[in-house]
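What follows is the residue order along each chain.
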There are 2 protein chains.
Amino acid sequence: MTFAQFNQAAAISRREIYREIYHEHRLTIKAKKEKTALKNLELIFEATLKISNKKGFSAMTMRDLSAETGLSLGVLYHYFASKEELLDMVQSTGRGITSRILRQALAGESDPAARLRAGIKAHLFLSEAMQPWFYFSYMEARHLGSEEKERTKASELYSEKLFADILKNGQEQGVFKPMDCQNMAAVIKAMLQDWYVKRWKYAKRGQNVDQYASFVVDLVESYCLAGGEPQEK
Amino acid sequence: MTFAQFNQAAAISRREIYREIYHEHRLTIKAKKEKTALKNLELIFEATLKISNKKGFSAMTMRDLSAETGLSLGVLYHYFASKEELLDMVQSTGRGITSRILRQALAGESDPAARLRAGIKAHLFLSEAMQPWFYFSYMEARHLGSEEKERTKASELYSEKLFADILKNGQEQGVFKPMDCQNMAAVIKAMLQDWYVKRWKYAKRGQNVDQYASFVVDLVESYCLAGGEPQEK
DNA sequence: GTCTATATACGGATAGAC
DNA sequence: GTCTATCCGTATATAGAC
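If you're wondering where the values come from, they're calculated on a predicted model, not measured in any experiment.

## Let's talk about the relation of the copies chain A and chain B
Turning chain A through 180 degrees and shifting it by 0.0 Å along the axis lays it on chain B, with an RMSD of 0.1 Å. The transformation just described matches what one would write down for a two-fold rotation axis. Scanning chain A for the C-alpha nearest the rotation axis identifies A:Ala190, at a separation of 2.9 Å. In this assembly, 100% of the residues forming the interface of chain A have copies in chain B that are likewise at the interface, indicating an isologous arrangement.

Below is the structure:
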């Protein structure tokens, strides 16, 4: 699986994302016409990610957002009750998409080594396709209210557990060597996160996501399969 | 080398840190008596790290800092000209200590495998001893002015290069197998960073820094030293 | 439905009292 | 040397004009 193939298969349509957000918050969003609502939601979210990822969400003012979107302050407040609610909306949308795509990717595979590869690549490719969302989620998690913060931690632990379970399963089947599955899952996540957090570093030396994915898969497999026969792709 | 041994050898005396800061900024700090200056600097920095690491530096108000330190606003401004200068002081102090300790740790070793181990452990142990500083540097780097931001990026690239050079050197000596040294160095750094960024996760399952260090060293060495047949790309 | 003007509060920084 | 009172700017959020 390459990034290009992933993009086609997953069909992360931006329009689809905003339709979801609109219907999820239909009660609080005051705009009535769906067409303008979708257009404005897209403007608002893209601008929020753009500005926040440059100078931080708390440093982004509502006037910044107004200027970037071309929407007035009054209109902005038709889509969320407060700046904090906007933050929560971005975070929960990101979480939802991530867990859905990860589950989808793993559902198609049964062999532990294949599941491990699929999980790593799906996560990397998704974070590549939605880099601003991932970066935002990572950096702004600590500015959330306590309730949303707990949800974010739970989400981190959930995806770590996905990887840990794959590893444990592989061990039980005798495909992977004995190891500390929790730590292995943790460092896999760390490597996946580095791709979207330190994007500038990889861009600087012209590394693309397919190359990085191959490297991570190779490193992880070479550790987990050590002792057994080298595997073919 | 264990964390306990590192702590003794490196002797990261808190008092020493603040003495350094005081002398480095002697010209701008208005407090004259060294003794009270050191005490207040310690109060200010500890409080800044504590508050910022909870809610972010930009969300920390000068009144928060005043309440936490017990110092008045007027006194605080005797130690820095602006809130941004305080940010820069924290960052540059952290950078200085890190690069010094890393260089010291590597200076004692010549064998590539030993150097690799020493670099990984020194970084982990230092970040353990100064976790609030490292967490702060990592999270607040993007809120810096462009000049300080460049310095931070340079520091990131510098320590990555330290690891990449060790790997390349080991390859040339035939100790390490052929590999992508840049990516390997990058993911080593990612694993080191995860330790202090996601501290809560490791604490939750009772993992200590010596255990984590052993795991990372084992993973990295098992990949680099993998003998027999080198892998193809 | 959209925008402009403004209420209200709080931020960083400082001047001057003690 | 230290603290208190305050200036000035700007933040979020809203009410009311068009």
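## Some thoughts on the interface of chain A and chain B
Counting from both sides, the interface comprises 40 residues of chain A and, opposite them, 41 residues of chain B. With both chains or domains summed, chain A and chain B bury close to 3700 Å², and 56% of this area falls on carbon and sulfur atoms. At the junction of chain A and chain B, the tally comes to 8 salt bridges. Here B:Glu140 and A:Arg142 are joined by a salt bridge, their closest N and O atoms 3.4 Å apart. Summed over the shared surface of chain A and chain B, the number is 22 residue pairs in polar contact (both at pLDDT 80 or more). Elements that contribute at least two residues to the side of chain A that touches chain B include exactly helix 3 (34-55), helix 8 (131-140), helix 9 (146-172), helix 10 (181-197), helix 11 (199-204) and helix 12 (209-224) of chain A. Ranked by the residues each element gives to the side of chain A that touches chain B, the list is headed by helix 10 of chain A, at 10 residues. Across the side of chain A that touches chain B, the residue classes break down as 16 nonpolar, 10 polar and 14 charged.

## Brief notes about the protein's contact with DNA strand C
Of all residues adjacent to DNA strand C, which total 16 residues, the nearest are A:Lys32, B:Met62, B:Arg63, B:Tyr77 and B:Lys83. Sugar and phosphate atoms form 61% of the subset of DNA strand C atoms that lie within 4 Å of the protein. Between DNA strand C and A:Lys32 there is a distance of 3.0 Å, counted from a phosphate oxygen to a backbone nitrogen or oxygen. The contact in question runs from a phosphate oxygen of DNA strand C to an N or O atom on the backbone of B:Met60, over 3.4 Å.

## Structural notes on the protein's contact with DNA strand D
Inspection of the region around DNA strand D gives 15 residues, with A:Met62, A:Arg63, A:Tyr77, A:Lys83 and B:Lys32 positioned closest. Sugar plus phosphate, as a fraction of atoms of DNA strand D within 4 Å of the protein: 62%. Between DNA strand D and A:Arg63 there is a distance of 3.3 Å, counted from a base oxygen to a side-chain nitrogen or oxygen. The residue inventory of the surface near DNA strand D, partitioned by class, reads 6 nonpolar, 4 polar and 5 charged.

## Regarding the packing of helix 7 (residues 112-129) of chain A against helix 10 of chain A
Residue and element names in this part refer to chain A. Packing of helix 7 against helix 10 brings their axes to within 9 Å, and their N-to-C directions diverge by 25 degrees. Classified by the interaxial angle, the pair formed by helix 7 and helix 10 is roughly parallel. Crossing hand, helix 7 versus helix 10: right-handed. Of the residues in helix 10, those touching helix 7 at Leu-116, Ile-120, His-123, Leu-124, Ser-127 and Glu-128 are Ile-188, Lys-189, Leu-192, Trp-195 and Tyr-196. Residues of the contact of helix 7 with helix 10, tallied by class, amount to 7 nonpolar, 2 polar and 2 charged.

## Notes on the pattern of salt bridges
In the structure shown here, the tally under the stated rule is 35 salt bridges over all chains. Close ionic contact of A:Lys50 with A:Glu68 constitutes a salt bridge, the shortest N to O distance being 3.1 Å. With A:Lys50 in helix 3 and A:Glu68 in helix 4 (residues 62-69), the pair connects residues that are 18 residues apart, well separated along the chain. Using a relative accessible area of 48% as the deciding quantity, one classes A:Lys50 as partly exposed. A single network of salt bridges, built from pairs that share partners, joins A:Glu156, A:Glu160, A:Lys189, B:Asp194, B:Lys198 and B:Lys201.

## Comments concerning empty space enclosed by the protein
Tallying each qualifying case throughout the model produces 1 cavity of 30 Å³ or more. The calculated volume of the largest cavity comes to roughly 70 Å³. What lines the largest cavity is simply A:Tyr138, A:Ala190, A:Gln193, A:Asp194, A:Val197, B:Tyr138, B:Ala190, B:Gln193, B:Asp194 and B:Val197. Breaking the lining of the largest cavity down by element, the ones donating at least two residues are helix 10 of chain A together with helix 10 (181-197) of chain B. The residue makeup of the lining of the largest cavity, split by class, is 6 nonpolar, 2 polar and 2 charged.

## Quick word on the packing of helix 2 (residues 14-24) of chain A against helix 6 (residues 83-107) of chain A
Residue and element names in this part refer to chain A. Between helix 2 and helix 6, the least distance of the axes is 11 Å, while the angle of their chain directions is 120 degrees. The angle between the axes of helix 2 and helix 6 places the two elements in the oblique class. In this structure, the crossing between helix 2 and helix 6 has a hand that is right-handed. Between helix 2 and helix 6, the residues in contact are Ile-17, Glu-20 and Ile-21 and Met-89, Thr-93, Ile-97 and Arg-100, respectively. Taken together, the residues that form the contact of helix 2 with helix 6 break down as 4 nonpolar, 1 polar and 2 charged.

## Here's the deal with the nonpolar core
Core analysis: the largest hydrophobic core is formed by 155 residues, its most contacted members being A:Leu65, A:Leu116, A:Ile120, A:Met184, B:Leu116, B:Ile120 and B:Met184. Sequence-distant contacts of B:Met184, defined by excluding residues within four places in its chain, comprise A:Phe215, A:Leu219, B:Leu167, B:Met179, B:Val220 and B:Tyr223.

## Quick notes on the packing of aromatic side chains
Tallied over the entire structure, the rule returns 25 aromatic pairs over all chains. Residues B:Trp195 and B:Tyr212 carry aromatic rings whose centres are separated by 5.0 Å and whose planes lie at 25 degrees to one another, so their mutual orientation is stacked. With B:Trp195 in helix 10 and B:Tyr212 in helix 12 (residues 209-224), the pair connects residues that are 17 residues apart, well separated along the chain. Exposure class is identical for B:Trp195 and B:Tyr212. Each is buried. When the ring centre of A:Phe57 is taken as origin, the NZ or CZ atom of A:Lys83, which lies over that ring, is 4.9 Å away.

What counts, and at which threshold
Numbering of residues starts from 1 in each chain and follows the order in which that chain's sequence is written. Written order decides the labels, with chains lettered from A and ligands numbered from 1. Note on the predicted model: pLDDT of at least 70 is required for a residue's local features to be given, and 80 or more for side-chain atom pairs to be given and counted; whole-chain, interface and lining totals, by contrast, use all residues. Processing note: side-chain calculations cover all non-hydrogen atoms of the structure and skip hydrogens and water entirely. Superposition of the copies used a least-squares fit over C-alpha atoms from residues whose pLDDT is at least 70 in both. The contact rule is simple, with two residues in contact once any of their heavy atoms fall within 4.5 Å. As a working definition, buried area equals the accessible area (1.4 Å probe) given up by two parts on being put together, with both sides summed. We define a salt bridge as a side-chain nitrogen of Lys or Arg found within 4 Å of a carboxyl oxygen belonging to Asp or Glu. For the purposes of these results, a polar contact is taken to be a pair of N or O atoms within 3.5 Å, where, inside protein, one atom must be able to donate a hydrogen and its partner to accept one; residues adjacent in sequence count only when each atom of the pair is a side-chain atom. Helix and strand assignments come from DSSP, with helices taken as H or I runs of at least 4 residues and strands as E runs of at least 2, each series counted from the N terminus. Ten residue types, Ala, Val, Leu, Ile, Met, Phe, Trp, Tyr, Cys and Pro, are classed as nonpolar, four, Asp, Glu, Lys and Arg, as charged, and the remainder, Gly among them, as polar. Proximity is defined per residue: any heavy atom of the residue falling within 4 Å of a molecule or strand makes that residue near it. Axes, fitted as lines to C-alpha atoms, cover a helix only where it is in contact. Angles between the N-to-C directions of the axes lie from 0 to 180 degrees. For this classification, under 35 degrees means roughly parallel, over 145 means roughly antiparallel, 65 to 115 means roughly perpendicular, and everything else is oblique. Should the near helix be turned anticlockwise from the far one by less than a right angle, the crossing is left-handed, and should it be turned clockwise, the crossing is right-handed. Relative accessibility under 20% of the residue-type maximum defines a buried residue, over 50% an exposed one, and the middle range a partly exposed one, all with a 1.4 Å probe and only protein chains included. The definitions used throughout rest on a 1 Å grid laid over the protein atoms alone, on which a cavity is an enclosed set of points accommodating a 1.4 Å probe that cannot get out and a pocket is an open set flanked by protein within 12 Å on both sides along at least five of seven lines; lining residues are those having an atom within 4 Å of a point. Grid points are joined across faces, edges and corners, and a volume is the space filled by probe spheres set on the points. Nonpolar core, defined: a set of buried Ala, Val, Leu, Ile, Met, Phe, Trp, Tyr and Cys residues in which side-chain atoms within 4.5 Å join the residues together. Between the rings of Phe, Tyr and Trp (Trp by its six-membered ring), a pair exists once the centres lie within 6.5 Å; its type follows the angle of the planes, with under 30 degrees stacked, over 60 edge-to-face, and the other angles tilted. Criterion for a charge above a ring: Lys NZ or Arg CZ within 6 Å of the ring centre, and within 35 degrees of the ring normal.

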